[in-house]
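Below are the chains, spelled out letter by letter.
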Amino acid sequence: MNDTRTRFLKLALDADALRFGEFTLKSGRTSPYFFNAGRFDSGAALAGLAACYADAIDAAGLEFDLLFGPAYKGIPLATALACEYARRGRDLPVAFNRKEAKAHGEGGQLIGAPLAGRRVLVVDDVITAGTAIREALSIIGAAGGTVVGIVIALDRQEAVDPARSRRSAAQTVATEHGLPVVAVASLADLLALAGDNPALAAYRGQLLAYRDAYGSDADA
């Protein structure tokens, strides 16, 4: 596991963004762990997270010239990432969407830099069912932008419907739209960290059992 992934997971643990126990997911599954990017709730925590995103993006070699954050969690993530790139000497435009179009003032559904003619990188926390990402892709396309990739913090490497397919939500989105999906870290990385960290070792068996039940073969 590379330094960026280890650093990110340790930041997530320190911020209590990554927790262990019993959590009921939107899918109805009971998960032994839960990731909530909203717990990166201070300037220092967001700066550390943004640095991990930037390192993962740079390592993937993606070429883009605008950051887009889908409402809601993608908004602070894309903004923090833009600040990190500015710190590194690259000033990138940022845009995001409203959940509902605004009828007064400037109106519309988009806020920030214009998307037309831009190579857009979508920044979000996770991909679960892929609904929010597909909506973002539609909005960007309608505004004249071209999506060149998606970056997320954590890939749960979890099949949406294991009875029908062991393909993860991230893999499904990547295949459907022909786009690279870059994750700062994944369940496989979390398992590796749990194997090396005595404080997390007690959770490794539960994580393995969950992966066996719901994990994506494509991402394993």
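Before any of the text, the structure's been laid out above.
Once a new chain begins, its residue numbering starts again from 1 and follows that chain's sequence as written. Confidence filtering applies because this is a predicted model: local features only for residues at pLDDT of at least 70, side-chain atom pairs given and counted only at 80 or more, and all residues used for totals across whole chains, interfaces and linings. Neither water nor hydrogens contribute to the side-chain values; these are computed over all heavy atoms in the structure.

Undergrad: I'd love a proper account of the overall build of the protein chain, names of residues and values included.
TA: Going along the chain from the N terminus, every DSSP run of H or I of four or more residues is numbered as a helix, and every run of E of two or more is numbered as a strand. Check the secondary structure of the protein chain and you find 7 helices and 8 strands. Here the C-alpha atoms of the protein chain give a radius of gyration of 17 Å, agreeing with the 17 Å that 2.2 N^0.38 yields for 220 residues. Dimensions of the protein chain, computed from the C-alpha atoms along their principal axes, are close to 55 × 40 × 35 Å. Each residue gets one of three labels from its accessible area relative to the maximum for its type: buried under 20%, exposed over 50%, partly exposed in between, using a 1.4 Å probe on protein chains only. Put simply, the protein chain has 220 residues, and 46% of those count as buried. Two residues qualify as a contact provided that any one of their heavy atoms is within 4.5 Å of a heavy atom in the partner residue. In the protein chain, 72% of the contacts between residues at least 6 apart in sequence involve partners at least 24 apart. For the protein chain, the exposed area adds up to about 10,400 Å²; of that, 50% sits on carbon and sulfur atoms. Charge convention: Lys and Arg are scored as positive, Asp and Glu as negative, and His as well as the terminal groups of each chain are ignored. We put the charge of a Lys on NZ, of an Arg on CZ, of an Asp on CG and of a Glu on CD. Distance from the positive charge centre (23 side chains) to the negative charge centre (25 side chains) of the protein chain: 2 Å. To get the radius of gyration, use the C-alpha atoms; to get the globule rule, take the number of residues to the power 0.38 and multiply by 2.2 Å. A 1.4 Å probe and the Shrake-Rupley method give the accessible areas. Residues count as covered only by the protein chains that appear here.

Undergrad: How would you explain empty space enclosed by the protein if you had to name every residue and give the values?
TA: Cavities and pockets were defined on a 1 Å grid built over protein atoms only: a cavity is a set of grid points that admits a 1.4 Å probe from which the probe cannot escape, a pocket is an open set flanked by protein on both sides within 12 Å along at least five of seven lines, and lining residues are those with an atom within 4 Å of any such point. Grid points are joined across faces, edges and corners, and a volume is the space filled by probe spheres set on the points. Tallying each qualifying case throughout the model produces 1 cavity of 30 Å³ or more. One number sums up the size of the largest cavity: a volume of about 40 Å³. Taken together, Pro70, Ala71, Asn97, Lys99, Ala132, Glu135 and Ala136 form the lining of the largest cavity. Among the secondary structure elements, those contributing two or more residues to the lining of the largest cavity are strand S4 (94-102) and helix H4 (131-142). Tallying contributions element by element places H4 first for the lining of the largest cavity, with 3 residues.

Undergrad: Tell me about the side chain of Glu158, residues and numbers included.
TA: Its place among the elements puts Glu158 in the loop between strand S7 (146-155) and helix H5 (169-177). Classification of Glu158 as buried rests on a relative accessible area of 13%. Polar contact is the term for a pair of N or O atoms within 3.5 Å; when the atoms are in protein, one must be able to donate a hydrogen and the other to accept it, and sequence-neighboring residues count only if both atoms are side-chain atoms. A polar contact is formed between the side chain of Glu158 and the side chain of Arg156, at a distance of 2.9 Å. The contact partners of Glu158, leaving out residues within four places of it in the chain, are Leu25, Arg29, Arg167, Ser168, Ala169, Tyr210, Tyr214, Gly215 and Ser216.

Undergrad: Any chance you could break down the packing of aromatic side chains for me, citing the residues and the numbers?
TA: We call Phe, Tyr and Trp rings a pair once their centres come within 6.5 Å, taking the six-membered ring for Trp, and we label the pair stacked below 30 degrees between planes, edge-to-face above 60, and tilted otherwise. Taken as a whole and assessed by the stated rule, the structure comprises 5 aromatic pairs. Each ring, one from Phe20 and one from Tyr203, has its centre 4.5 Å from the other, and the planes form 15 degrees; the classification is stacked. Linking Phe20 in strand S1 (residues 18-24) with Tyr203 in helix H7 (residues 201-214), this pair joins segments that are 183 residues apart in sequence. Owing to a relative accessible area of 29%, Tyr203 belongs among the partly exposed residues under this scheme. Charges are assigned to positions over rings by a cutoff of 6 Å between ring centre and Lys NZ or Arg CZ, combined with an angular limit of 35 degrees from the ring normal. Taking the ring centre of Phe64 as reference, the NZ or CZ of Arg90 above it sits at 4.7 Å. Note that Arg156 overlies the ring of Tyr33, its terminal NZ or CZ placed 4.2 Å from the centroid.

From the geometry alone we can't say anything about function, so treat these as descriptive.
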